[in-house]
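Analysis of the macromolecular model
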Amino acid sequence: MALQLKSMAVIGAGTMGKGIAQWFAQQGFQVQLVDTKIEIAQTSCHQIIASWKKLVEKKKFTEEQALMFETMLSAKSLEEMNDCDLVIEAIVEKKEIKDQLFKDLDEKLPDHCIFASNTSSLSIAELSQAVSVKRRARFLGLHFFNPATIMKLVEVVGTSDVEDGLAMQIASWFQKHGKEAAQCKDGPGFIVNRLARSFYGEALRIVGDENTEQEREVDSILKQVGGFQMGPFELMDLIGIDINLDVTNIVWNAFHKNPRFAPHPLQEKMVKDGRFGKKTKKGFFSYE
Ligand code: NAI
């Protein structure tokens, strides 16, 4: 059956949810951006609209396009959200919270709706156990990268329960819409986040403790000599130290606490102190 995707909802209006919602609105989708409190979703919608205004100034879009995108986007609470063809979950990286959400959505949304998780590290097959057997045939991982409007890669993760051809159809749909879709096996951290554990972990072990100058130096070397767009410390600040620590712990546990995936005490200290990176204006670096 050909993919009929016209409307979608993103649950979780944080760092990733905002970017995913913005990108889908730009593809002509009716997008509902949903969070626990409608105020959070509304604030995120205002930020997306402000971003379109800036993109008009930069001549990336016309004013008419930006106004059209705006009409495609709405903020919703979980209770208010309407039926849609695709729902992407982008809430906190905690399995039990995601499980409850998927269970509720399964009861609420029509059978044809495709379910996807933007999880960085949790098993898609295990997450899909929260929904009915029938829905598991339409349950995938769609892992976007930050910022989702700009980063081209999407990891498409199927399971043995997914209906034949669906992961492939979705991957080709993304290709047609300008993304690079990589079909991945369902394993801890998929491809990128498994490799990236060493990128962050080794950088933290090299610096050892808080030392802004050395953190800057490591970032600068990797950018200048390694050709990376961002160094590990600025990237951790962009991702969110809290989310990155959750992902590290999940991958570490999935590999039976193999020391090469171990979290660093500095990550734990920063989370305890509420220094989550750019989103709290303080991480390894300051963003006041
Ligand atoms: P975030 O902390 O910025 O945002 C999470 C949002 O989810 C918050 O607005 C929160 O209010 C909302 N939320 C929490 N529980 C909810 C529930 N039960 N129902 C509705 N909304 C709920 O998190 P972020 O960084 O956007 O991460 C979200 C997911 O995306 C995680 O699974 C993470 O692993 C993944 N991810 C994160 C990336 C990053 O660079 N931050 C990159 C790729 C994936």
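Cut-offs applied
- Residues numbered from 1 in each chain as written.
- Predicted model: local features only at pLDDT ≥ 70, side-chain atom pairs only at ≥ 80, totals over all residues.
- Heavy atoms only, no water.
- Helix = DSSP H or I, 4+ residues; strand = E, 2+ residues; numbered from the N terminus.
- Rg over C-alpha atoms; globule rule 2.2 N^0.38 Å.
- Buried < 20%, exposed > 50% of the residue type's maximum accessible area, 1.4 Å probe, protein only.
- Contact = heavy atoms within 4.5 Å.
- Areas by Shrake-Rupley, 256 points an atom, 1.4 Å probe, with all protein chains shown as cover.
- Pairing = 2+ DSSP bridges.
- Axes fitted to C-alpha atoms, helices over the stretch in contact; angles between N-to-C directions.

**Notes on the overall build of the chain**
From N to C terminus, the chain includes 12 helices and 8 strands. Scaling as 2.2 N^0.38, a compact globule of 288 residues should have a C-alpha radius of gyration of about 19 Å, and the chain matches this with 19 Å. Based on the C-alpha atoms only, the size of the chain along its principal axes is roughly 50 × 50 × 35 Å. Counting only residues that meet the buried cut, the chain has 49% of its 288 residues in that class. A separation threshold of at least 6 residues defines the contact pool for the chain, and within that pool the share at least 24 residues apart is 68%. When the accessible surface of the chain is totalled, it reaches about 14,300 Å², and 54% of it is carbon and sulfur.

**Here we look at the sheet that holds strand β8 (residues 180–184)**
Reading across the sheet, the 8 strands line up as β3-β2-β1-β4-β5-β6-β7-β8 and stay open at both edges, with mixed pairing between neighbours. Two strands close off the open sheet at either side, each with one partner strand: β3 (73–77) and β8. Each strand axis lies, on average, 25 degrees off the axis of its neighbour in the sheet, ignoring direction. As paired elements, strand β4 (residues 86–89) and strand β5 (residues 114–117) share 4 bridges and run parallel to each other. Bridging from a neighbouring strand, Glu89 pairs with Ser117 of β5. Its contacts with the sheet put helix α4 (residues 95–108) on β1 (7–11), β4, β5 and β6 (139–144), and the angle it makes with β5 is roughly 170 degrees. Contacting β5, β6, β7 (153–157) and β8, helix α7 (residues 166–176) runs over the sheet at an angle of about 160 degrees to β8.

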